[in-house]
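These are the residues of each chain, in order.
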Amino acid sequence: MPYQRRTFESRIDYSLILPVLMLLSIGVVAIYIAVSHDYPDNAWPMVGQQIAWIAVGFLLSFILMFFNTKFLWKITPYLYVFGLGLMVLPLIFYSESLVASTGAKNWIAIRGVTLFQPSEFMKISYILMLSRLVVHFLQQHKQDERTLALDFFLILKLGLYTVPVLVLLTLQSDLGTALVFVAIYGGIVLLSGVSWKIILPVFLTGVLLLGGFLFIFISDGGRAFLHNLGMPTYQINRILAWLHPFDYAQTTTFQQAQGQIAVGSGGLTGQGFNVSNLLVPVRESDMIFTVIAEDFGFLGSTLVIMLYLLLIYRMLKITIKSNNQFYTYISTGFIMMLLFHIFENIGAVTGILPLTGIPLPFISQGGSSIISNLIGVGLLLSVSYQNSLTDEKKERIPAVRKKVVLKKLK
């Protein structure tokens, strides 16, 4: 049977795109509900803006789908350096009013116009760079015995490319985004095969430090001590809001208290489409899950979580199918990024975790986050596309024909 060349449409992974489209659609509806109550005059312009960002994100995702390993490998260092350069700009060009309300210089703003958040795009560059480093390191030492010294060297090498990012985020006072980078770093280190003899002590040390920090925070004079050490007031208020959301519900913890009441008021099936009985600050962005829970209840919230699980499952399936190490680490980094965003955002809204200002992927309002996440989806589509090309090469291997020579009989 002759081999038939497949078209590029047949190589597109629609099972990956479908849950993304559903999450984006839910996000547009939730944003409309939020802004139609909070900013009724700007409801449709904000929704239109979100749809425009989604269109840009899908265009970039479609272009990225055709990138192969060789091209990604070459441009990764340039993307990393370019990303670091962009992250310097918010320290120079920022909005004083935005800094006063959020406490962070993480957005580029010129003449009062807020443009974009560079750290969102840096996440993708960072994932690519760490993936490239690990693969290059493993190739260099594939003949060497895997020792603790070699593992420490790998951790140090990855850390050297992580420190500049964390320094810039510290200067921006953006703790929430810094935690995302730490989660990506941890996921890639785990996948690289670092010994548990290193990972376990580091994990236990982290738990002890976290416990010690919370002990100091809740003790008498502890918050004043931490503030004197340089901890920003807004971060102290966020942790305080997590520990005691209803003790200061009229002042510093108003957002968290209102958010938790909104989530609880939705009940099993929600209060109905476009119903809002509570004011939750910036619910179109970081608190978007409160809109879903209030209007569509436990069932609607569960649907969103199930879509995320379906998306992660599909990403894992693509990753496992790929025999390309570089793609495997890229996929792992992006999956870790998404998981941390989902867990932290929903956990903060429901009171399980402190609020860190991390958006809910594909749902929260904001161009930087939407485009960055869709670029990540484009990388996964590229992995799936290359998997399809590999399968095609196996299918079109021609059969070996034997030449038969008949001797003439005399």
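Residues numbered from 1 in each chain as written. Predicted model: local features only at pLDDT ≥ 70, side-chain atom pairs only at ≥ 80, totals over all residues. Heavy atoms only, no water.

An unreviewed UniProt entry lists the chain under the name FtsW/RodA/SpoVE family cell division protein, with Streptococcus sanguinis SK160 as the source organism. One UniProt comment on the chain, placed under Subcellular location (unreviewed entry), says "Membrane". (UniProt positions renumbered as here; feature names shortened; annotations may be inferred.)

Observations regarding the overall build of the chain
Of regular secondary structure, the chain possesses 14 helices and two strands. Along the first, second and third principal axes, the C-alpha atoms of the chain reach 110 × 55 × 45 Å. Across the 410 residues in the chain, those meeting the buried criterion constitute 47%. Of all intrachain contacts in the chain linking residues separated by at least 6 positions in sequence, the fraction that spans at least 24 positions is 71%. As displayed, the chain offers around 21,400 Å² of accessible surface, 68% of which is attributable to carbon and sulfur atoms. The distance from the centre of the 28 positive side-chain charges to the centre of the 20 negative ones in the chain is 25 Å. (Helix = DSSP H or I, 4+ residues; strand = E, 2+ residues; numbered from the N terminus. Buried < 20%, exposed > 50% of the residue type's maximum accessible area, 1.4 Å probe, protein only. Contact = heavy atoms within 4.5 Å. Areas by Shrake-Rupley, 256 points an atom, 1.4 Å probe, with all protein chains shown as cover. Lys, Arg positive; Asp, Glu negative; His and termini not counted. Charge placed at Lys NZ, Arg CZ, Asp CG, Glu CD.)

Side note on the packing of aromatic side chains
Within the structure shown, the criterion is met by 10 aromatic pairs. Considering the side-chain rings of F66 and Y385, the 5.3 Å spacing of their centres and the 70° angle between planes classify their relative orientation as edge-to-face. Of the two residues, F66 sits in the loop between helix 2 (43–64) and helix 3 (69–88) while Y385 sits in helix 14 (residues 367–395), which places them 319 residues apart along the sequence. Geometrically, the ring pair formed by F116 and F121 is edge-to-face, given 6.0 Å between the ring centres and 70° between the ring planes. Looking at F121, the relative accessible area reads 24%, which means it is partly exposed. Here a set of aromatic residues connected by ring pairs shows up, and it is made of F62, F66 and Y385. Across from the ring centre of Y94, 4.3 Å away, lies the NZ or CZ of K105, which sits over that ring. Residue placement shows R223 over the ring face of F217; its charged tip is 5.5 Å from the ring centre. (Phe/Tyr/Trp six-rings, centres within 6.5 Å; stacked < 30°, edge-to-face > 60°. Lys NZ or Arg CZ within 6 Å of the ring centre and 35° of its normal.)

A short note on the side chain of Q50
Here Q50 lies in helix 2. When neighbours within four sequence positions are excluded, Q50 is seen to be in contact with V28, I31, I363, S364, Q365, G366 and I370.

Here we look at the environment of D38
Positionally, D38 belongs in helix 1 (residues 14–38). Exposure remark for D38: the relative accessible area of 22% places this residue in the partly exposed category. Taking the C-alpha atoms as reference points, D38 and V282, 244 residues apart in sequence, are found 9.0 Å from one another. Beyond its immediate sequence surroundings of up to four residues, D38 is in contact with L279, V280, R283 and E284.

Examining the nonpolar core
The biggest cluster of nonpolar side chains holds 92 residues, and the ones touching the most others in it are V165, F334 and F362. Leave out the neighbours within four places in its chain, and F334 touches I124, I127, M315, N373, G376, V377 and L380. In this structure, L226, I236, I239 and L240 belong to the second largest nonpolar core, which totals six residues. (Core = buried A, V, L, I, M, F, W, Y, C linked by side-chain atoms within 4.5 Å.)

Examining unusual backbone geometry
At N274, a residue that is not glycine, the phi angle is positive and equals roughly 60°. Among the structural elements, N274 can be located in the loop between helix 11 (254–265) and helix 12 (288–321). You can call N274 partly exposed: its relative accessible area is 27%. In this structure, V282 takes a positive phi of about 45° despite not being glycine. Within the secondary structure, V282 sits in the loop between helix 11 and helix 12.

Considerations on the pattern of salt bridges
Applying the stated criterion to the full structure yields four salt bridges. Residue D38 is joined to R283 by a salt bridge in which the shortest nitrogen-to-oxygen separation is 2.7 Å. With D38 in helix 1 and R283 in the loop between helix 11 and helix 12, this residue pair connects regions lying 245 residues apart in the sequence. (Salt bridge = Lys/Arg side-chain N within 4 Å of Asp/Glu carboxyl O.)

Regarding a nonpolar patch on the surface
Together, V56, L59, L60, F62, I63 and F66 line one region of the surface with nonpolar side chains, adding up to about 490 Å² of accessible area. With respect to the helices, strands and loops of the structure, I63 is situated in helix 2. With a relative accessible area of 41%, I63 lands in the partly exposed category. (Patch = residues over 30% accessible without salt bridge, like charges linked within 9 Å, V, L, I, M, F, W, Y side chains within 5 Å.)

Thoughts on helix 6 (residues 148–172)
Spanning 25 residues, helix 6 covers 35 Å between terminal C-alpha atoms, matching the ideal 36 Å at 1.5 Å per step. A maximum bend of about 30° is found in helix 6 at Y161, where proline P164 lies one to four positions downstream. Taken residue by residue, helix 6 has L150, D151, L154, L158, G159, T162, V165, L168, L169 and Q172 as its buried positions. Tucked into the core, helix 6 has its buried residues touching helix 3, helix 5 (118–140), helix 7 (175–191) and helix 8 (196–218). Positive backbone phi, at 60°, marks S173, one or two positions downstream of helix 6. (Expected span 1.5 Å × (residues − 1). Bend = angle between axes of the 7 residues up to and from the residue.)

Re the side chain of Q256
Relative to the elements of secondary structure, Q256 occurs in helix 11. A relative accessible area of 7% means that Q256 is categorised as buried. Once you skip the residues sitting within four places of it in the chain, Q256 turns out to touch R238, A241 and L355.

Re the packing of helix 6 against helix 7
A pair of packed helices is characterised by two quantities: the angle between their axes and the separation of those axes. One can describe the packing of helix 6 onto helix 7 by two numbers: an axis separation of 10 Å at closest approach and a directional angle of 170°. As far as their axial angle goes, helix 7 and helix 6 are roughly antiparallel. Each of I155, L158, G159, T162, V165, L166 and L169 in helix 6 lies in contact with helix 7, whose residues at this interface are T177, A178, F181, V182, Y185 and V189. Residues that form the contact of helix 6 with helix 7 fall into these classes: 10 nonpolar, three polar and no charged. (Axes fitted to C-alpha atoms, helices over the stretch in contact; angles between N-to-C directions. Parallel < 35°, antiparallel > 145°, perpendicular 65-115°, else oblique. Nonpolar A, V, L, I, M, F, W, Y, C, P; charged D, E, K, R; others polar.)

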